[in-house]
Amino acid sequence: MQHNRSSSKLPTRLLSGSLAVAAVIACGTPASAHVKWFAPYIVGAPPQPTGQVLTDLWFWIGIVLVCLFFILTRLMETGPYGEAVHTALDRVTAPLWARLDDYVRVTVGAFFIAIFAVGGVYLTPDLKTPAEWVSWLQFVIAACIFFRATMPLAGLGIILLWLLALQHYDLFHLFDYLALGIGVAAYLILEPSRNEVWRSHRFEALRWGLAIALMWSSLEKFAFPSWFYPLVEEKPFLTFGMPRDIFIPMAGIAEFTMGLGLLWTPLIRRLSAVALLVIFTAAVWPFGRIDLIGHGLIMAILIAVVCDRCRLERVVPATKAGVLGIPAGLAVALTLFIGSYWGLHSVFYGPEGFVGPATAERTTHSHSPEHPHGPSSGAGIGAPPTRSGSAP
């Protein structure tokens, strides 16, 4: 009888151990906020050369550590207790899973109500707008989510907001939010669909949108590490005592690889979501309500990923089945994203970059208590930039 009790506890212990590993990796990476919300930046500035990024020892140490974590998780997933671990996760998340669509609709609607209440932004804190009617459009989007028949209109409204932001912000800047916006819009369009084949992809669309957004935005830590220097100097506790130039690339690796983990096998993506939740939750305390509002939608989707019981792998399942696919997939993802980021930056701004005639005025946010690093603007707090460098 004692043997049976011990055996029944083993899957729970394995689950606890896996979550602990995920938490250690997450906590080993200090709390991370979106730098464009809190510090000055120039999108057109020349990025750090890729050769300098790829010769950084800490870059590769981070890659190796995460590869080991993914491999260990995959070995457990394919072992005799893999399904038991999933069952334990399913049991913990059962109340939310039973109403997961309601949860996603409520949190997406709450996000748009929040930015409607804050006012003066398109989609995120760094995308400022002086147009009051934009906030009312956000209110309409939230209202459309309330009714399943009008949910597709809400999805189209999100795409419209992104397109409206192109009036004041460069396309390269808006790439940060394109994938996530498309993912959420796709969910809102697919969820009320009567075609069950299409509807079955709704949570997958959310997950892919978030994963691509995280991997893309993480590259800022390699391309523009100097953007993070003001935050590290103002809040040195974020690094947990790590030197600045070690902390920033390690934080970037964690965000990139955990984003890729959301696209891998079921257990890897669920534990990657747990690790990312720890990171984003930890950022709320030092960065406050702006960070909570800006990352609230991301955190809500991560919770949905943890709850998701889908065991199917529709994209390159053969590659993801074995542990050798993990380093291979990571290598392909790094090559694709780094090549795209640096390549597109060169296409938009030239090999030497473009900072404009008045670089001090090309920061997106002007001085305010929530954006202490920004300059003052004659057009008012939070005035958006233009490509000429002057406020509109």
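The rules behind each value
Residues numbered from 1 in each chain as written. Predicted model: local features only at pLDDT ≥ 70, side-chain atom pairs only at ≥ 80, totals over all residues. Heavy atoms only, no water. Phe/Tyr/Trp six-rings, centres within 6.5 Å; stacked < 30°, edge-to-face > 60°. Helix = DSSP H or I, 4+ residues; strand = E, 2+ residues; numbered from the N terminus. Buried < 20%, exposed > 50% of the residue type's maximum accessible area, 1.4 Å probe, protein only. Core = buried A, V, L, I, M, F, W, Y, C linked by side-chain atoms within 4.5 Å. Contact = heavy atoms within 4.5 Å. Axes fitted to C-alpha atoms, helices over the stretch in contact; angles between N-to-C directions. Parallel < 35°, antiparallel > 145°, perpendicular 65-115°, else oblique. Left-handed = near helix turned anticlockwise from the far one by under 90°. Nonpolar A, V, L, I, M, F, W, Y, C, P; charged D, E, K, R; others polar.

Visitor: Got a minute to help me understand the packing of aromatic side chains in this structure?
Guide: Here the distance between the centres and the angle between the planes together describe a pair of aromatic rings. Within this structure, the stated rule accounts for 21 aromatic pairs. With 6.4 Å between their ring centres and 45 degrees between their planes, Trp97 and Phe203 make a pair best called tilted. Linking Trp97 in helix H4 (residues 82–97) with Phe203 in helix H10 (residues 202–218), this pair joins segments that are 106 residues apart in sequence. For Trp97, a relative accessible area of 29% corresponds to the partly exposed category. Judged by its relative accessible area of 13%, Phe203 falls in the buried class. Seen in terms of ring centroids, Phe116 and Phe139 are 5.1 Å apart; in terms of plane orientation they differ by 50 degrees. Their pairing is tilted. Taken together, the positions of Phe116 in helix H5 (residues 100–118) and Phe139 in helix H6 (residues 132–146) put the pair 23 residues apart, joining distant regions of the chain. Using a relative accessible area of 36% as the deciding quantity, one classes Phe139 as partly exposed.

Visitor: What is the right way to look at the nonpolar core in this model?
Guide: Here is a general trend for soluble globular proteins: nonpolar side chains tend to be buried in one another's company. Judged by nonpolar contacts, the single largest core of 102 residues is most densely connected at Phe112, Val184, Leu188, Leu262 and Leu302. Looking at this core element by element, the count peaks at 21 residues for helix H14 (residues 266–307). Among all residues touching Leu262, those that are not within four sequence positions of it are Arg207, Leu210, Ala211, Leu214, Arg269, Ser272, Ala273, Leu276, Leu302 and Val305.

Visitor: Would you mind going over the environment of Ile63 with me for this structure?
Guide: One can find Ile63 in helix H3 (residues 57–78). When the C-alpha positions of Ile63 and Ala254 are compared, they lie 8.5 Å apart, and in sequence the two are 191 residues distant. Look past the residues within four positions of Ile63 in its chain and what remains in contact with it is Ile253, Thr257, Leu330 and Leu334.

Visitor: Whenever I open this one, the packing of H5 against helix H8 (residues 171–190) confuses me. Can you help?
Guide: Each pair of packed helices gets described by two things: the angle between the helix axes and the distance between those axes. H8 packs onto H5 with a crossing angle of 130 degrees between their chain directions and a minimal axis gap of 12 Å. Taken together, the axis directions place H5 and H8 in an arrangement best described as oblique. As for the relative orientation of H5 and H8, their crossing is left-handed in sense. Residue-level contacts link Asp101, Val104, Arg105 and Val108 of H5 to Val184, Tyr187 and Leu188 of H8. Among the residues making up the contact of H5 with H8, the classes are represented as five nonpolar, no polar and two charged.

Visitor: Could you clarify how one ought to interpret the environment of His173 in this entry?
Guide: Along the polypeptide, His173 turns up in helix H8. Between the C-alpha atom of His173 and that of Ile42, which follows or precedes it by 131 residues, the distance is 9.8 Å.

Visitor: Help me understand the packing of helix H7 (residues 151–165) against H8 in this model?
Guide: Contact pair H7 / H8: the axes reach a minimum separation of 8 Å and the direction vectors enclose 175 degrees. The orientation of H7 with respect to H8, classified from their angle, is roughly antiparallel. For the pair H7 and H8, contact is made by Met151, Pro152, Ala154, Gly155, Leu156, Ile158, Ile159, Trp162 and Ala165 and by Leu171, Leu174, Tyr177, Leu178, Gly181, Ile182, Val184, Ala185, Tyr187, Leu188 and Ile189, respectively. Grouping the amino acids of the contact of H7 with H8 by side-chain chemistry returns 18 nonpolar, two polar and no charged.

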